[in-house]
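Residue-level structure breakdown
Each chain, written out:
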Amino acid sequence: MNYLTLKPNTAACHPQLLVPQIRKCKSIRELKQVHAFLIKTAQTHDITVSTELLKLSATSDIRDTEYALSLFDQMPEPNCFAWNTVIRALAETHDRPFDALLLFCQMVSDGMVEPNRFTFPSVLKACSVVARLEEGKQVHGLVLKFGLVDDEFVSSNLLRMYVMCGSMEDAHVLFHRNVDEVNVVLCNVMVDGYVRLGNLKAARELFDRMHQRSVVSWNVVISGYAQNGFFTEAIQMFHKMQMEEEDVSPNRVTLISVLPAISRLGALELGKWVHLYAEKNKIQIDDVLGSALVDMYAKCGRIEKAIQVFEGLPKNSVITWNAIIGGLAMHGKANDLFNYFSRMERRGVSPSDVTYIAILSACSHAGLVDKGRYFFNHMVNVVGLEPRIEHYGCMVDLLGRAGNLEETEELILNMPIRSDDVIWKALLGACKMHKNIEIGRRAAEVLMQLAPHDSGAYVALSNMYASLGDWNAVAEVRLMMRDLDIRKDPGCSWIEIGGAIHEFLVEDDSHPRAKEIHSMLEEISNKLSLEGHAPDTTQVLLKMDEKHKESVLHYHSEKIAVAFGLLSTSPKTPLQIVKNLRICEDCHSSMKLISKIYERKITIRDRKRFHHFEYGLCSCMDYW
């Protein structure tokens, strides 16, 4: 309807009768037509109609904050509802929370209208977003002045403000002064606060004391564990939620929270269940959840399924494209990745810095040095993105693996941003690979200054000396580690059998089926010998006799996991293992033969990438 065609003498002229029409507006253009009609008929003074216009322009799906502000400014005597509406609109607009605080100050200083229980939540939210603790405390004082501290809506936002501003001491005092044992909202805010500070112990203790929990309670703890690297605990909490809470079901946020943990541990069966649950319960698989599913399937070794899920998603978000491009990079499918990147460009979706991290990583895995240089320059000179430390890390890895160590060191020294320990570790790893002790020693010295208590530099330097047979130098590095109480991260592998995740460490004999696993390892070793495989004892960078070195290789965590997998599954069932460190050369050559001997497809995801072993070959073509 064109509202400008209405005549002043019609019944529709009465402003009260236009309220239903205002609510039917589907765009700001239609709303402006109504507003123009009201101006034309000199009826903008009606408070009911003006506030209805304000509400629709400030808080609805067709919101236009600037237009709402202009409407507000034209109101001669705005009531509390009008003030609250505009303050809320500003607090919820990305770059306007501080303006919400300024408008609130104007409201209080004018003194014409008192703030009420609907004013303070928006003001406190604005304080939270801009992390203005001092202003938040002043608002707290006004809450006390107006007698609203016992209002649940106000108190929960007040508590959230202290949490978001990182003032857990104030939050703790407020919480214990006001909390009711069954007030799930306040408990959720406090649990979230502890999670934000990384204090998962306190978060879990409070969670366990809660007599009533909502889906938000579970989501906060699950995401807290996952985001802080406690992936097993996140999955355990997800299972606990399903078993203990009859009235609380996982929602979209739950699934998004647990999927990263599933991805990290390679828990494919659980990931499939999550996908099926979303479909069965009609949870919208949008860009965010869909991308998490693509990432999960890719990290669980099912890149074909990841592609299938991707093809069923909307493709207007770079997040979705990054998920599939990152998955292809991890699986070493560089050519497929380039094709998807071209599709993304043709669709008009601009790549982000994350896109280029995946592309450069794929180039590194495939040894495509010239391609890597091309895409790095394309990112900077064509797309106009500023390289981050991760992009330089990929270039260091790419050049270092290819043996261009002098160029790599020069790149690090001439970077416009400060190098970090990851960059120097990549160079040190390349020096070990190509046995360049001179550059390796320099890299290690820098690393020890950057991260003096990180085992990476010491272990890499020790391993480099060991590979050259310089045991005196090895002893010196190991002595330094002992004096600084630096311990090497143990090799660890996970395998999922029947929905349960089994974890194995190097030389691990703690599993209930340890004797059977040991017997299977002996069988594997004998069959490898019959195939002509000799253990590569140069991979054992410790000074010991050859027999002892062979024994150490025998009990690497991924071999134990494979042995358990062979024992626990029927013949020809594919096996999938996740490992926390880079797979060693002996395990790599062993896995190729094991896949041939036992007619199994074996997939191992190490710290860097996927290795698909089948018919005695590996997908990485022995370049990793």
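Below: a short report on this structure. (Residues numbered from 1 in each chain as written. Predicted model: local features only at pLDDT ≥ 70, side-chain atom pairs only at ≥ 80, totals over all residues. Heavy atoms only, no water.)

What about unusual backbone geometry?
With the exception of glycine, most residues fall at negative phi, and the peptide bonds are largely trans. Worth spelling out the cut-off: The helix and strand labels rest on DSSP assignments: H or I over at least four residues marks a helix, E over at least two residues marks a strand, and numbering proceeds from the N terminus. Under the scheme applied here, a residue whose accessible area is under 20% of the maximum for its type counts as buried, over 50% as exposed, and between as partly exposed, the area being computed with a 1.4 Å probe on protein chains only.
At Lys282, a residue that is not glycine, the phi angle is positive and equals roughly 55 degrees. One can find Lys282 in the loop between α16 (268-280) and α17 (287-299). A relative accessible area of 74% means that Lys282 is categorised as exposed. The backbone phi angle of Lys572 is positive, close to 70 degrees, even though this residue is not glycine. With respect to the helices and strands, the residue Lys572 is situated in the loop between α31 (557-568) and β3 (575-579). The exposure class of Lys572 is exposed, given its relative accessible area of 57%.

Some points on the layout of surface pockets
How we decide: Residues are called lining when one of their atoms sits within 4 Å of a cavity or pocket point, these points coming from a 1 Å grid over the protein atoms alone, where a cavity is a set in which a 1.4 Å probe fits but cannot get out and a pocket is an open set with protein on both sides within 12 Å along at least five of seven lines. Grid points are joined across faces, edges and corners, and a volume is the space filled by probe spheres set on the points. Each residue gets one of three labels, nonpolar for Ala, Val, Leu, Ile, Met, Phe, Trp, Tyr, Cys and Pro, charged for Asp, Glu, Lys and Arg, and polar for the others, Gly among them.
Of the voids in this model, the second largest pocket is the one considered here, and its volume is about 610 Å³. Every residue lining the second largest pocket is counted, 36 residues in all, and those nearest its centre are Gly301, Arg302, Leu575, Gln576 and Thr603. Listed by contribution, the elements that provide at least two residues to the lining of the second largest pocket are α16, α18 (303-311), α21 (353-366), β1 (492-497), β3, β5 (610-614) and β6 (617-618). Taken together, the residues of the lining of the second largest pocket sort by class into 15 nonpolar, 12 polar and 9 charged.

A few points about the packing of aromatic side chains
Threshold: Any two rings among Phe, Tyr and Trp, with Trp reduced to its six-membered ring, count as a pair given centres within 6.5 Å; such a pair is stacked if its planes are under 30 degrees apart, edge-to-face if over 60, and tilted if neither. Whether a charge sits over a ring comes down to the Lys NZ or Arg CZ being within 6 Å of the ring centre and within 35 degrees of the ring normal.
Within this structure, the stated rule accounts for 15 aromatic pairs. Ring centres of Phe207 and Trp218 lie 4.8 Å apart, and the angle between their planes is 80 degrees; on these two criteria the pair is classed as edge-to-face. Of this pair, Phe207 sits in helix α12 (residues 200-209) while Trp218 sits in helix α13 (residues 215-227); the two residues are 11 residues apart in sequence, bridging distant segments of the chain. Relative accessible area serves as the criterion here: at 0%, Phe207 is assigned to the buried category. Through pairs of rings, three or more aromatic residues link up here, namely Phe338, Phe341, Tyr356, Tyr374 and Phe375. Taking the ring centre of Tyr67 as reference, the NZ or CZ of Lys32 above it sits at 5.1 Å. The ring of Phe338 carries the charged tip of Lys371 above its face, separated from the ring centre by 4.5 Å.

Topic: the pairing of strand β2 (residues 500-505)
Side chains on a regular strand alternate between the two faces of the sheet. For the record, the criterion: For two strands to pair, DSSP has to find at least two bridges joining them.
Both β1 and β2 contribute to a ladder of 6 bridges, which runs antiparallel. Counted as the bridge partner of Ile495 is His502 from β2. Where β1 folds back onto β2 in an antiparallel hairpin, the turn is made up of 2 residues, including Gly498, whose phi is positive at roughly 60 degrees.

Notes on the pattern of salt bridges
Here is the rule: Salt bridge criterion: a side-chain nitrogen from Lys or Arg within 4 Å of a carboxyl oxygen from Asp or Glu.
Using the criterion set out here, one finds 31 salt bridges in the structure. A salt bridge links Asp421 to Lys425; the nearest nitrogen and oxygen atoms lie 3.8 Å apart. With Asp421 and Lys425 both in helix α25 (residues 421-434), this residue pair falls 4 residues apart, about one helical turn. Since its relative accessible area comes to 22%, Asp421 is described here as partly exposed. Take Lys425: its relative accessible area is 31%, and that puts it in the partly exposed class. Residues Arg442 and Glu438 are paired through a salt bridge, measuring 3.3 Å at the closest nitrogen-oxygen approach. Note that Arg442 and Glu438 are positioned in helix α26 (residues 437-450) at a spacing of 4 residues, about one turn of the helix. Connected through salt bridges with shared partners, the residues Glu66, Arg96 and Asp99 form a single ionic network.

Distances and angles like these do not, on their own, reveal function.
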